[in-house]
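Geometric and topological summary
Here is what each chain is made of, one letter per residue.
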Amino acid sequence: MNPKKEVLIVEDSPIQAEMLRRALVREGYSITVARNGVEGLSVLKDLRPTLIISDVMMPEMNGYEMCREIKNNDALKDIPVVLLTQLYEPEEIIRGLESGADTHITKAFDMDYILSKIKTLIENPKRFQNMPEKKSIEFEYEGKHYNVHSGRTQAISFLISTYESAVWQNTELQKVQAQLSNLNETLKEKIVELKASEDHNRIVLETASDGIFTVNEYGIIDSFNKAAEHIFGYSADEVIGKNISILMTEPYRKQFDGSIERFIETALQEIPGNGREISGLCKDGSIVLLDIIINDFLFGNKRMFTGTVRDITHRKENEEKLRQAMENADTANKAKSDFLAGMSHELRTPLNSIIGFSEILLEEMFGKLNEKQGQYVSNILGSGNHLLSLINDILDLSKVESGKMEIEPARFVLKDILDSSLLIVKERAIKKNIDMDIELEFGPNTAIIADERKFKQIMFNLLSNAVKFTPEGGAIKVRGKKITKGGANYVEIMVEDTGIGIKSEDIPRLFKEFSQLESPYSKQYKGTGLGLALAKSLVELHKGEVFVKSEYGKGSTFGFTIPILFPDYSGGSKGKCIKYS
Amino acid sequence: MYKILIAEDDDMNKLLLRDILTYHGYSVIEASDGEECLKLAKSIKPDLIFMDIQMPKIDGMTVLRMLKDDSLTKDVIIIAATAFAMKGDRERMLSAGFDDYISKPIDTKQIPVLIRKYLGANQE
């Protein structure tokens, strides 16, 4: 292994010096660093390095001066000197030649290039053996006089390195140019993309059904889309550059003064806000009701605001109409309730006498009645009770309608209730010689949870209808079974009769209150037409359904399904009230 | 013999109650409006009152309050007999201070049962 070769670095920038030192140490050289020409010469009193690398611009003594000193010193002149510099100007190249430097390397080179150059210089010192030149070369350049003492080899080497540097810089320039050209292409593509995206955004903005505008931090309108033009009646040209307050009515206009400044100062969300309803002023002076959303954003370093407005005049009008209609409906409903309560009271007072006196006469409180008298009093009592049940039906129906009907769910055995319902109409059926039968597809102990009284009411209404519309000698059959629908268990009860039947076109009206079917029925069959409507309401209160099948002239089947377990029933206490509205 | 006051402005209904009560052996006093009811209740001190609610001069609710506030009459059993028979009416009457409530049309057979509940068997 060769003894370590010494390199002297003369460099005033500690960072540059250190970078160079580290790179050369890694290559196996022994390094000494001097901070300027004076220090470099002082080091050279004792040190004979293989190579000197020197910066040009240095305090106290620059690289040219130091180089000249070295080349004028017989003991040092054979040590190759590399100037680290950028020689752009011909004058600098000449000064480099004058100084007698052997070569120069531009500082812009990368470290690998510098290292390879230095290696070549160190490994081929002979190439730089300076032939003494008796005559110096004298010449003029741009009016200045120069005197170059360098040997020919040295001068050529120096000029070649200058040329190399120029070529290298040219190559670098070409590379940079290629990069630039690439960048330019990319930029062009970006611009096309941007333009497309801008077109897209503009279309979105212009076709938006909400009015959208932007305002700068002074409240000046900056943009105004088509929908905004439509809402306010101004064209974009008319408002852009004007203060946003021209679109405002009092008191917003007054409140607006200074509010942007306050917002920017305090960052309080005074202006931006969501879903506020305000009124806006149109070009023709009319006022438009708006839903407004304001957002702030930074555009560059400027704060901007976007306003999105929606014309809610129609919505407001409709809301007001709706409110009015609901108020009217409430008033009407209240009037109806009051009327029904009053009617109930007024009808019950005479009924009290009719029913009460009939009862005490039948009880023979005041002596025996003969058969005919007994029969007639009984008729009065029956009619009185019928009238009372009609009053109760009307009240019940109105309660269902107004949502005041309450369900009192409890467990009861179905068969018991069905039997007792049949019993209520039995007398009437017997009179018309109607055969009544019950056929259940579930056990006699099957129980359900529902409102027992209302269940009875439903059955009573269906059975009384069946008896009413079935001619003498007909038959009524009650059928019951369990069914499953949508994962829930129901009971289905059907009342079949051999009555007059219903025309299919009349079926939809069946369950409407006060709509007993037209003549001939209404003449032949008495009733308010409330029964089926009430039955339907009561079934639906139980979350069940009513249905009807009928063949005109042959008979009808009225039926209903109700859940085996009343929905929401938590079990437990009997008589628990669940209110449905 | 227990004394029972009927406060009722409808003649027919008053007659019905009187017949029932007389039939069951009670002594009956009649008032046709609230004012008369108040006067008779204080002067005669009945054992029980059947009181209508909607009455001329003073309504049944007010009469009830006046009687229950008066130490002379506060222990008299007062039963509302009214055609106010909508849901909630019963609760409204009982919470107003009536001892019991029957709705019209009344159940004639229930009347003697109800009286015995409060007064026990009739005294001869």
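Residues numbered from 1 in each chain as written. Chains lettered and ligands numbered in written order. Predicted model: local features only at pLDDT ≥ 70, side-chain atom pairs only at ≥ 80, totals over all residues. Heavy atoms only, no water.

**Observations regarding the sheet that holds strand β18 (residues 488-497) of chain A**
Residues and elements named next belong to chain A. Judged by pairing direction, the sheet is mixed, and its five strands sit side by side in the order β15-β17-β18-β20-β19 without closing on themselves. Edge positions in the sheet fall to β15 (435-440) and β19 (545-551), since each of these pairs with one other strand and no more. Averaged over all pairs of adjacent strands, the angle between their axes in this sheet comes to 15°, without regard to strand direction. The pairing of β19 with strand β20 (residues 555-563) spans seven bridges and is classified as antiparallel. In the sheet register, E551 faces β20, and the bridge partner there is G555. On the sheet, helix α13 (residues 414-431) packs against β15, β17 (475-485) and β18 and is oriented at approximately 170° with respect to β15. (Pairing = 2+ DSSP bridges. Helix = DSSP H or I, 4+ residues; strand = E, 2+ residues; numbered from the N terminus. Axes fitted to C-alpha atoms, helices over the stretch in contact; angles between N-to-C directions. Contact = heavy atoms within 4.5 Å.)

**A short note on the nonpolar core**
Within the largest apolar cluster, 45 residues are counted, with the highest numbers of intra-cluster contacts made by A:I448, A:F455, A:M459 and A:F560. Where this core is concerned, the elements lending two or more residues are α13, β16 (447-450), α14 (452-469), β17, β18, α16 (531-541), β19 and β20 of chain A. (Core = buried A, V, L, I, M, F, W, Y, C linked by side-chain atoms within 4.5 Å. Buried < 20%, exposed > 50% of the residue type's maximum accessible area, 1.4 Å probe, protein only.)

**Notes on the pattern of salt bridges**
Side-chain pairs of opposite charge can arise where the charged atoms are in close proximity. Taken as a whole and assessed by the stated rule, the structure comprises 41 salt bridges over all chains. Between B:D100 and B:K117 there is a salt bridge; the shortest N-O distance is 3.5 Å. In this pair, B:D100 is assigned in strand β5 (residues 100-103) and B:K117 in helix α5 (residues 110-119), connecting sequence segments 17 residues apart. The exposure class of B:D100 is buried, given its relative accessible area of 7%. Members of the salt-bridge network, linked through shared partners, are A:E277, A:D291, A:R315, A:K316 and A:E319. (Salt bridge = Lys/Arg side-chain N within 4 Å of Asp/Glu carboxyl O.)

**Observations concerning α13(A)**
Residues and elements named next belong to chain A. Relative to the 26 Å expected for 18 residues at 1.5 Å per residue, α13 spans 27 Å between its end C-alpha atoms, a close match to the ideal helical length. Along α13, the largest kink reaches about 50° and is centred on V425. Of the positions making up α13, those classed as buried are L414, I417, L418, S421, L422, V425 and A429. Among the structural elements, β14 (410-413), β15, β16, α14, β17 and β18 are those in contact with the buried residues of α13. (Expected span 1.5 Å × (residues − 1). Bend = angle between axes of the 7 residues up to and from the residue.)

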